[in-house]
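# Secondary and tertiary structure notes
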Amino acid sequence: MAVLHVEVSTTVEASRPTVLDVYGDYAAWPRLFPTIGGVRLLARQGPKLVLEVDHVEGKVRNELVVRPPDAIDLWEEKRHYDAQFSNRFESVPGGTLFTVHGDIRLKGWARLLQPFLRGYVRRQMQRLQLQPVKAEAEARARQASEAAMRNQGRCRSAE
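A short tour of the structure in this document, coming up.

Calculation criteria
Residues numbered from 1 in each chain as written. Predicted model: local features only at pLDDT ≥ 70, side-chain atom pairs only at ≥ 80, totals over all residues. Heavy atoms only, no water. Salt bridge = Lys/Arg side-chain N within 4 Å of Asp/Glu carboxyl O. Helix = DSSP H or I, 4+ residues; strand = E, 2+ residues; numbered from the N terminus. Buried < 20%, exposed > 50% of the residue type's maximum accessible area, 1.4 Å probe, protein only. Patch = residues over 30% accessible without salt bridge, like charges linked within 9 Å, V, L, I, M, F, W, Y side chains within 5 Å. Areas by Shrake-Rupley, 256 points an atom, 1.4 Å probe, with all protein chains shown as cover. Pairing = 2+ DSSP bridges. Axes fitted to C-alpha atoms, helices over the stretch in contact; angles between N-to-C directions.

### Focus: the pattern of salt bridges
Taken as a whole and assessed by the stated rule, the structure comprises 10 salt bridges. Glu63 is paired through a salt bridge with Lys48; the nearest N and O atoms lie 3.5 Å apart. Placement of the pair is Glu63 in strand β4 (residues 58-67) and Lys48 in strand β3 (residues 48-55), with a sequence separation of 15 residues. For Lys48, a relative accessible area of 25% puts it in the partly exposed group. Here the salt bridges share partners, and the residues they tie into one network are Lys48, Arg61 and Glu63.

Next comes the structure, spelled out in structure tokens:
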């Protein structure tokens with residue numbers, strides 16, 4: 001079966017641990033990702049978490065492996081495809097380079113569309129994976145920075 005290989009990246013103005021924590025917090029996925037309504041932990045197999053995700057197309061199985069300090073692997077099985085997403089987090093000046101390598105195996109009639117799907121899949125990965133993680137990580141980084149500035153101001157006024 002042919003595999004569609006797609007890679008997308010974005011720079012996130014937040015530290016690598018913050019970005020990794022945002023993506024790895026599966027309990028928060030319903031608030032983070034627009035297509036997810038709920039997540040339930042089914043099993044823990046060493047570092048691998050087996051999840052049941054209430055997705056727009058119904059309940060789907062995901063396997064999540066968080067590999068600190070710089071990687072998260074996600075496998076998902078859906079009606080029209082199976083996918084392996086290798087997420088990498090690299091510290092760069094100004095934040096974190098967040099890169100997703102997707103290996104997608106289309107099923108059934110969807111295989112016929114494979115030659116035309118690369119751009120569409122890239123846009124979907126950007127919109128549904130990278131952008132929500134980027135927005136949340138940057139919001140957390142701003143909140144932490146503002147809290148640190150407030151604390152610094154209190155320390156100065158106490159002197």
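Anyway, onward from the coordinates.
### Comments concerning a nonpolar patch on the surface
On the surface, Trp109, Leu112, Leu113 and Phe116 cluster together into a nonpolar patch covering about 520 Å² of accessible area. Looking at the secondary structure, you find Phe116 in helix α3 (residues 114-158).

### Details of the sheet that holds β3
In space, the 7 strands of this open sheet follow the order β1-β7-β6-β5-β4-β3-β2, with antiparallel pairing throughout. The open sheet has two edge strands, β1 (4-12) and β2 (36-45), and neither has a second partner. Adjacent strand axes in the sheet meet at a mean angle of 20°, parallel and antiparallel pairs treated alike. The sheet contact formed by β3 and β4 spans 8 bridges and is antiparallel.

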